[in-house]
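# Working through the structure, step by step
Now for the letters of each chain:
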Amino acid sequence: QVQFVESGGTLVQPGGSLRLSCAASGFAFSIYGMGWYRQVPGKQRELVAGINSSDNTNYADSVKGRFTISRDNAKNTVYLQMNGLKPDDTAVYYCNRRNVPFDVWGQGTQVTVSS
């Protein structure tokens, strides 16, 4: 059974940093590209960072240079290091496969950037 458990979100001031974690289970984690997505109320979920099985990464323009995605295949975990946070980064963050997300999503982790 596919499962994602995201953690690490909290309230942070503009300019601050956070590290999100996502523990995945129920599928062959190491062979798939993984992604971090975010969603705000009333908008579609968007992919902000992706990493393939060879550790090649890609980022949405809005986060490029500030966010870094990484993975630990031994722990079936994907991370998102977020620096220079802005109020526009406020959202619920989720992880899933990068190219073809599973229909199953985790509960997400709320990131709020506010002074």
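Residues numbered from 1 in each chain as written. Predicted model: local features only at pLDDT ≥ 70, side-chain atom pairs only at ≥ 80, totals over all residues. Heavy atoms only, no water.

Under the counting rule described, the total for this entry stands at one disulfide. Two residues share a disulfide in this structure: Cys22 and Cys95, whose sulfurs sit 1.7 Å from each other. Linking Cys22 in strand E3 (residues 18–25) with Cys95 in strand E9 (residues 91–97), this pair joins segments that are 73 residues apart in sequence. (Disulfide = S-S within 2.5 Å. Helix = DSSP H or I, 4+ residues; strand = E, 2+ residues; numbered from the N terminus.)

Turning to the side chain of Glu6, a few remarks are in order. Among the secondary structure elements, Glu6 is positioned in strand E1 (residues 3–7). Arg45 is the oppositely charged side chain nearest to the buried, salt-bridge-free Glu6, at an N-O distance of 8.2 Å. Ignoring any residue separated from it by four or fewer positions in sequence, one finds Glu6 in contact with Ser21, Cys22, Trp36, Tyr93, Tyr94, Cys95, Gly106, Gln107, Gly108 and Thr109. (Buried < 20%, exposed > 50% of the residue type's maximum accessible area, 1.4 Å probe, protein only. Lys, Arg positive; Asp, Glu negative; His and termini not counted. Salt bridge = Lys/Arg side-chain N within 4 Å of Asp/Glu carboxyl O. Contact = heavy atoms within 4.5 Å.)

This next bit is on unusual backbone geometry. If you check the backbone angles, Asp55 has positive phi at about 70° while not being a glycine. Here the phi dihedral of Asn76 falls at roughly 50°; this positive angle occurs in a residue that is not glycine. Its location among the elements puts Asn76 in the loop between strand E7 (67–72) and strand E8 (77–82). Residue classification places Asn76 among the partly exposed positions, given a relative accessible area of 25%.

Before going further, it helps to examine the sheet that holds E8. Spatially, the four strands line up as an open sheet ordered E1-E3-E8-E7, and their pairing is antiparallel. The outermost strands of the open sheet, each flanked by one partner alone, are E1 and E7. Taken over all neighbouring pairs, the strand axes of this sheet differ in orientation by 15° on average, direction set aside. Sheet topology places E3 next to E8; six bridges connect them, and they run antiparallel. By the bridge assignment for E8, Leu18 is matched with Met82. (Pairing = 2+ DSSP bridges. Axes fitted to C-alpha atoms, helices over the stretch in contact; angles between N-to-C directions.)

This part is about the sheet that holds strand E10 (residues 109–113). If you trace the six strands from one edge of the open sheet to the other, you get E2-E10-E9-E4-E5-E6, paired in mixed fashion. Of all strands in the sheet, those bounded by a partner on one side alone are strand E2 (11–12) and strand E6 (57–59).

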